[in-house]
Amino acid sequence: MEDVLSLFNNIEIKNTTRIKGDDLIFCEMQDNIYKEAYEAYDYLANKLQSLNDNEVKELDTKFNCTNGTNYNYTYTNAISYELRGTSRDNFLNKLNDNLVSGITSYFSHVYNVDIDYEIIKKKSKDKKIDYNFILDLIFEQLGGFGFEDKATQQITEKLKSMTKQYKEEVKKVIVKNKKLTINSFVHEDWYSAGVISYSSRDNIKVLFNALNLFCDNEQDNIYGKLLDFNHMGEYDNLGFKYCTGFKVFKNGRIDISFTEGIKALEFANTYTSYAINN
């Protein structure tokens, strides 16, 4: 039994079994750029260090100057002030940060999932990494979920939190016939009338993503679509089979129209705190 357990413990999970297609191609291309840049700078840094330890040391020993005191100065040479040891480490860590940012932002954008890239950057410090190292930390954050399932969980939790009711006298979520209303969902911009405040646009993004999930991910370009939702007013022809449109009011209320009353209720129960509030 112990040998069998040892066998399972030694199995390495390859990221090629967890990502494929364009995801894998993207990571491999990022990795190739990183490796070439790392090797080029590492070679340069080692070459400069060799010059500093030999030719520069010989120059400083043979030629120096004094200002009339007991303190001797060395003459400036081509590598006097740049690319010292600390500069080398900073540069290589910057390469790491860029690789982490590139890969995490890709998966965050494609799958609409939140990834804490700062944690990954900290764990990448002062070491040579690759895309597999980053993917391991991303999947660790996913907690056993796939990208799509994690995105669904995160979006649902966000919208439920945004629609939680704190005051008994004002219903946060109301379902009436084919219409779902969310009160005090957004705020108007202080400086521009009729414009949704920048801080409230994330609410619209979460709502739109929840509607997209509810309608079987009919919209491919979420971010492109969201560019149109910065002003208060009525939006229709959204391209969703269950949701026909929504209207944003200046008091922060938002009305969402569905094709059927049962769909409005289903969305409210699944993605908002409607069931909890009531």
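Treat the numbers as computed from the prediction; the structure is a model and nothing was measured.

Undergrad: Looking at this model, I keep getting lost on the sheet that holds strand 3 (residues 173-176). Mind explaining?
TA: Neighbouring strands of a sheet are bound in pairs by backbone hydrogen bonds; such pairs are parallel or else antiparallel. Strand order in the open sheet made by the five strands is 3-4-7-6-5, with antiparallel pairing throughout. Looking at which strands have only one partner, the edges of the open sheet turn out to be strand 3 and strand 5 (233-236). Here the strands of the sheet are splayed against their neighbours by 15° on average, with no regard to which way each runs. Here strand 3 runs beside strand 4 (residues 179-182); their pairing, made up of four bridges, is antiparallel.

Undergrad: Mind showing me how you'd approach unusual backbone geometry here?
TA: Generally, phi is negative for residues other than glycine and the peptide bonds are trans, each holding for most cases. Positive phi, normally seen in glycine, also occurs at N112, with a value near 55°. With respect to the element layout, N112 can be found in the loop between helix 4 (85-111) and helix 5 (117-124). Look at N177: it is not a glycine, yet its phi comes out positive at around 55°. Tracing the sequence through the fold places N177 in the loop between strand 3 and strand 4. Look at N177 and you get exposed, because its relative accessible area is 63%.

Undergrad: It is not clear to me how the nonpolar core should be interpreted in this structure. Could you clarify?
TA: Among soluble globular proteins, nonpolar side chains are generally buried collectively. The biggest cluster of nonpolar side chains holds 32 residues, and the ones touching the most others in it are L207, I256, F258 and F267. Within the residue set of this core, elements represented by two or more residues are helix 7 (147-162), strand 4, helix 8 (201-214), strand 6 (243-248), strand 7 (254-258) and helix 10 (261-271). Ranked by size, the runner-up nonpolar core spans 28 residues in total, among them Y34, L92, I103 and F147.

Undergrad: Would you explain the pattern of salt bridges in this entry?
TA: Opposite charge on two side chains permits them to pair, given that their charged atoms come into close proximity. Tallying each qualifying case throughout the model produces eight salt bridges. Salt-bridge contacts for R18 lead to D136; the nearest nitrogen and oxygen are separated by 3.0 Å. Placement of the pair is R18 in the loop between helix 1 (2-9) and helix 2 (21-53) and D136 in helix 6 (residues 131-142), with a sequence separation of 118 residues. Overall, the relative accessible area of 30% leaves R18 in the partly exposed class. Two residues, D255 and K179, come together in a salt bridge whose shortest N-O distance is 3.7 Å. You can see D255 sitting in strand 7 and its partner K179 sitting in strand 4, a full 76 residues away along the chain. Here D255 falls in the buried class, since its relative accessible area comes to 8%. Where salt bridges share partners, they join K179, R253 and D255 into one cluster.

Undergrad: Can you walk me through a nonpolar patch on the surface in this structure?
TA: On the surface, L59, F63 and Y75 cluster together into a nonpolar patch covering about 300 Å² of accessible area. Tracing the chain through its elements places F63 in the loop between helix 3 (55-62) and strand 1 (65-66). Given the relative accessible area of 45%, F63 is considered partly exposed.

Undergrad: Explain the packing of aromatic side chains here, please?
TA: For any pair of aromatic rings, the description consists of the separation of the ring centres together with the inter-plane angle of the planes. The full count for this structure, using the stated rule, is 16 aromatic pairs. Ring geometry for F208 against F240: centres 5.4 Å apart, planes inclined by 50°, an arrangement best described as tilted. Here F208 is found in helix 8, whereas its partner F240 is found in the loop between strand 5 and strand 6, with 32 residues between them in sequence. Here F208 and F240 have matching classes, each one buried. Clustering of aromatic rings is evident, with ring pairs tying together F26, Y106, F107, Y111, F139 and F147. Above the face of the F139 ring, R18 is positioned so that its terminal group lies 4.2 Å from the ring centre.

Conventions we followed
Residues numbered from 1 in each chain as written. Predicted model: local features only at pLDDT ≥ 70, side-chain atom pairs only at ≥ 80, totals over all residues. Heavy atoms only, no water. Pairing = 2+ DSSP bridges. Helix = DSSP H or I, 4+ residues; strand = E, 2+ residues; numbered from the N terminus. Axes fitted to C-alpha atoms, helices over the stretch in contact; angles between N-to-C directions. Buried < 20%, exposed > 50% of the residue type's maximum accessible area, 1.4 Å probe, protein only. Core = buried A, V, L, I, M, F, W, Y, C linked by side-chain atoms within 4.5 Å. Salt bridge = Lys/Arg side-chain N within 4 Å of Asp/Glu carboxyl O. Patch = residues over 30% accessible without salt bridge, like charges linked within 9 Å, V, L, I, M, F, W, Y side chains within 5 Å. Areas by Shrake-Rupley, 256 points an atom, 1.4 Å probe, with all protein chains shown as cover. Phe/Tyr/Trp six-rings, centres within 6.5 Å; stacked < 30°, edge-to-face > 60°. Lys NZ or Arg CZ within 6 Å of the ring centre and 35° of its normal.

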